[in-house]
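Letter by letter, the chains look like this.
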Amino acid sequence: MVRRCGLLTNNREPVPLKGIEVELEVKDHVATVVSTQHYENKEDKAIEAVFVFPLPGDAAVCHFSAKVGQTEIVAEVKEKQKARDEYDDALSSGQQAFLLEESEQSPDIFSLSVGSLPPGESASIRLEYIIELAVQADDALRFCLPAVLNPRYQPQGSEGGSVQVTSVPASQVPYSLSFSARVSSPRQVSKIDSNCSLEPLQYLNAEQSQAVVKLAAGHKFDRDVELLIYYKDAHQPAAVVEAGQAPAKPGTLMGDAVVMLSVYPEFPQAVMSSLASSGEFVFLLDRSGSMGCLINNIKKSETRISSARDTLLLLLKSLPVGCYFNIYSFGSRFEHIFPTSVEYSEKTMEEALKKVNEFQANLGGTEILQPLKHIYNQPCIPSQPRQVFVFTDGEVGNTKEVLNLVKKNSTSHRCFSFGIGEGASTALIDGLAKEGGGHAQFITGADRMQAKVMQSLQFALQPTVKDILVKWDLPKGVSVTVLSPPLTSIFQGQRSLIYVQLTGQSSEATDGCVSVEYSLAGHPYQNQLHFALQPTEETGLTIHRLCARTLIRCLETKETERGGQQDETVKVQVVDVSVQSGVSSSFTAFVAINKASKEAVQGPLLRRNIPTPSINYKACLLMEGATKKSKGSIPMMKMQSPMPPTYSYCDSIQMTMENADQKFEGGIFHSLKMRMRGSKKKSAPSTRKSADSCVEKTLASSSPTDPWLQLVSLQKASGSWELKPTLAAVLGKTSKEVEKLKPASANENVWATILALVWLHGFKSDAEVEWKLLARKAASWLLSLNAPSVTDCVVAANTLLGCNVQKDTLGL
């Protein structure tokens, strides 16, 4: 028996992918990514390698080529079925072929097929995409290279198929990753942070407006690669004009000039200081089995669900008096704490917190569609704008169905989304916020969920911007076609992008003007930007391709709105824009044929699935196995082979997601459908008993363990604290010490509330973003009493706690 050596799959088959090189170029807030995958066939027969991998959901994939020896074959974008047929025909005739296609269900998953790689031959695959970088709450620009692809749960009866993913533990990925980034901007690059180890930042000029950085060697694939780029004096309104492509016909997207408009609104301070005191806040929490995974590799005891519980505590304490709220949780089924949203009060808050403390990751799969439908079917409450907060690890397979539902109901609510953990679907998380007119956040690495969620709550409490109107003032002879969907929401400090096509020319004027008009807190406002119609810089076709991607996504959304009934007119439009611009879509694919290769292949090609890293799969499987099976629940994922007790160099796990009544054999990709090897799947051995004991040991108490979260848990719905032994204990004092220094004329609850505020400002200033809103509510409560002893209480509290917090700092 011959024993294979080197990089092997779980079936002891060699892995032809040897390494991935990624080069990132960031110009201001637009990034161009070039990824090169190196394949080598060390077997004695020709192979077909298939690699299913993640990309950002809003990326404009615009180039795909293969280099075999000295021959480079550049792929063309073609209608998807035509591209598949050409790929199959090429393989049948002995030619090498390469196929790259986007998932029809989720635009953040791609499948690459490397066909007919002869023995001993190598091939380099080059993939290029363009993406805008999102602005974070601290003004950083966030770039994320998805390195993790977790299995996506496909609910029963949902549209389309699923993806079969060959996965291994992150530490066992059998290929390498190198990553380098070059950043340039008109402004100084202040710093670049990352969740991964980086080599020292190197500046390329004296102005420090250009810099390079590299990923340190030995990346373990246990996380997505995230960069946070900080510019000095960043984020000003701007318009970038890009000239049309010379050979393209005027009047077409690629033949005309295009504009990328960046809108950064600055609202009056007087308006922003008065946060909304009303609203209906609906929190939708993922309680599927995968939420039992560790939230990161830093805090080994903190799971996604435990962090979500702490976050809900902060949210409930920070809600304004007079609002309404409800909490939904979902897995294979969904639950809600109240039948309908209830008014926020001490009674309803305590009832909700009691149930939140019992939340575990025990509801099975990830079926988010049904709870969203239930929420949208509830009548809106007059004068209480609905705000929906969605917390999920994003492992769903019916992304387009979910986003279509959110878009249909976008006029009745705003949606704020949070992707928890590595590998969360960018298409889902970004799409929920985009279609719902809200804001998206990703919680990865050492990020605290609480900080990011509270930032979004502050966005939600901003006065709602209404009646947004964008007007273009252009010279005679120049007309504008808006390619972006209508602007429905604007937030203070957040960028909004608008793409337009300019048709025609003018000999009279060289400038244009765009105005963004809107109503805020009952008052009209206007922001204007003047810009030159001449191209501002040499950008190649970057802006055109982002315009094409925007237009393609808008058209695809129109197509999905027809309830699964494919509109051929829309499809023709998508294919036309995709082929014309060279940007991929769900209806097209890249195909490249090496017509110089015509060696007949004896027998069928050996198929080799490239394994993708998956995070905490084993731990989540145990959590899932411990789930109490309820009627209608569906397992999120199953193994195709028994799990070994330990992982070795060659071990991996083949995972597919299955419905209760239907097993997914093919998935959404043609290459997976057509070339699946028939085999009987073995069920995983029962882990129920061991999983139960594992969960009992690993699930910590649901009550907060951080002293400051314990302090928060004692706050009343009104914003006040009560003078009790539990408060003294959290402050590190005895009841006698607390009572002794209380000013004689002070009300007990006033004294307790000031103690809590001084402690937060004195000892937890680093987490102010997390408790800022609940502290503001406490200050409002104190001011409403007009208590005469406030100043004395502040002085006494500083003495007792050893702090030096000023009364003004407390908002008093």
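Source: prediction; values computed, not measured.

1. Examining the confidence of the model for the chain
Per-residue confidence for the chain gives a mean pLDDT of 81; residues scoring 70 or more make up 81%. For residues 1-10, every residue scores under 50 in pLDDT, and the model assigns this stretch 25 contacts once sequence neighbours within four places are set aside. Across residues 616-702, where pLDDT falls below 50, the model places 195 contacts with residues more than four positions away in sequence or in other chains.

2. Brief notes about the sheet that holds strand 1 (residues 17-27)
Strand order in the open sheet made by the 8 strands is 5-4-9-2-1-13-16-15, with mixed pairing throughout. Taken across any chain shown, the strands that pair with only one partner, and hence form the sheet edges, are strand 5 (71-74) and strand 15 (202-203). Bridging between strand 15 and strand 16 (residues 210-214) involves 2 bridges; their strand directions are antiparallel. Note that in strand 16 the partner of Tyr-203 across the bridge is Ala-211.

3. What about the packing of aromatic side chains?
The relation between two aromatic rings is expressed through the spacing of the ring centres and the mutual angle of the planes. Under the definition given, this model contains 18 aromatic pairs. With centroids separated by 6.0 Å and ring planes inclined at 75 degrees, the aromatic side chains of Phe-51 and Tyr-175 adopt a geometry described as edge-to-face. Pair noted here: Phe-51 is in strand 3 (residues 47-54) and Tyr-175 is in the loop between strand 12 (165-169) and strand 13 (176-184), with a separation of 124 residues, a long-range link. The exposure class assigned to Phe-51 is buried, which follows from its relative accessible area of 4%. Centre to centre, the rings of Phe-325 and Phe-338 are 5.6 Å apart; their planes meet at 85 degrees, and the pair counts as edge-to-face. Of the two residues, Phe-325 is situated in strand 21 (residues 324-330) and Phe-338 in the loop between strand 22 (334-336) and strand 23 (342-343); the sequence distance between them amounts to 13 residues. Overall, Phe-325 belongs to the buried group, its relative accessible area being 0%. Taking relative accessible area as the criterion, Phe-338 reaches 6% and is therefore assigned buried. Through pairs of rings, three or more aromatic residues link up here, namely Phe-283, Phe-389, Phe-391, Phe-416, Phe-418, Phe-459 and Phe-491. Here the basic side chain of Lys-191 rests over the ring of Tyr-230, its NZ or CZ set 4.7 Å away from the ring centre.

4. Focus on helix 10 (residues 568-581)
With 14 residues, helix 10 ought to run about 20 Å at 1.5 Å a step, and its terminal C-alpha atoms sit 20 Å apart, in line with that. Within helix 10 the residues assigned to the buried category are Val-570, Lys-571, Val-574, Val-575, Val-577, Ser-578 and Ser-581. In a view along the axis of helix 10, the buried residues occupy a sector of 165 degrees, so they form one face of it. For helix 10, the exposed residues set more than 90 degrees away from the buried face come down to Thr-569 and Val-572. Backbone geometry just after helix 10 places Gly-582 at a positive phi near 75 degrees.

5. Looking at the pairing of strand 20 (residues 280-286)
Among the 7 residues that make up strand 20, 7 are buried, leaving the element largely enclosed by the rest of the structure. Of the two faces of strand 20, both are covered, the one formed by Glu-280, Val-282, Leu-284 and Asp-286 as well as the one formed by Phe-281, Phe-283 and Leu-285. In this structure, strand 20 lies alongside strand 21, joined through 7 bridges in parallel fashion. In the strand pairing of strand 21, Phe-283 is matched with Ile-327.

6. Details of the packing of helix 17 (residues 748-763) against helix 19 (residues 790-801)
As a packed pair, helix 17 and helix 19 sit with axes 9 Å apart at the nearest point and diverge in direction by 50 degrees. When the interaxial angle is binned, helix 17 and helix 19 end up oblique. Crossing of helix 17 over helix 19 shows right-handed handedness. Here Val-750, Trp-751, Ile-754, Leu-755, Val-758, Trp-759 and Phe-763 of helix 17 come into contact with helix 19, specifically with Val-790, Cys-793, Val-794, Ala-796, Ala-797, Asn-798, Leu-800 and Leu-801. Grouping the amino acids of the contact of helix 17 with helix 19 by side-chain chemistry returns 14 nonpolar, 1 polar and no charged.

Conventions adopted
- Residue numbering note: each chain is counted from 1, following its sequence as written.
- Whole-chain, interface and lining totals are the exception, using all residues; otherwise, since this is a predicted model, local features are given only for residues with pLDDT of at least 70 and side-chain atom pairs are given and counted only at 80 or more.
- Based on all heavy atoms of the structure, the side-chain values leave hydrogens and waters out of the count.
- One confidence number per residue, pLDDT, is output by the predictor and ranges from 0 to 100.
- Residue contacts are counted whenever heavy atoms from the two residues lie within 4.5 Å of one another.
- Pairing between strands is defined by DSSP: at least two bridges between the two strands are required.
- Starting at the N terminus, helices and strands are each numbered in turn, a helix being any DSSP run of H or I of at least four residues and a strand any DSSP run of E of at least two.
- Stacked, tilted and edge-to-face are the three classes assigned to paired rings of Phe, Tyr and Trp, where Trp is represented by its six-membered ring and a pair needs centres within 6.5 Å; plane angles under 30 degrees give stacked, over 60 edge-to-face, the rest tilted.
- Each residue is assigned to one of three classes by its accessible area relative to the maximum for its type, calculated with a 1.4 Å probe on protein chains only: buried under 20%, partly exposed between the two thresholds, exposed over 50%.
- The rule for a charge over a ring is simple: NZ of Lys or CZ of Arg within 6 Å of the ring centre, and within 35 degrees of the ring normal.
- Working rule for helices: expected span equals 1.5 Å times residues minus one.
- This arc corresponds to the set of directions leading from the helix axis out to the C-beta atoms.
- Fitting a line to C-alpha atoms yields each axis, with helices limited to the stretch in contact; the angle taken between N-to-C directions then spans 0 to 180 degrees.
- For classification purposes, an angle smaller than 35 degrees is called roughly parallel, one larger than 145 roughly antiparallel, one from 65 to 115 roughly perpendicular, and anything else oblique.
- By definition, any crossing whose near helix is turned counterclockwise from its far helix by less than a right angle is left-handed, and any crossing with a clockwise turn is right-handed.
- Basically, the charged four are Asp, Glu, Lys and Arg, the nonpolar ten are Ala, Val, Leu, Ile, Met, Phe, Trp, Tyr, Cys and Pro, and anything else, Gly included, counts as polar.

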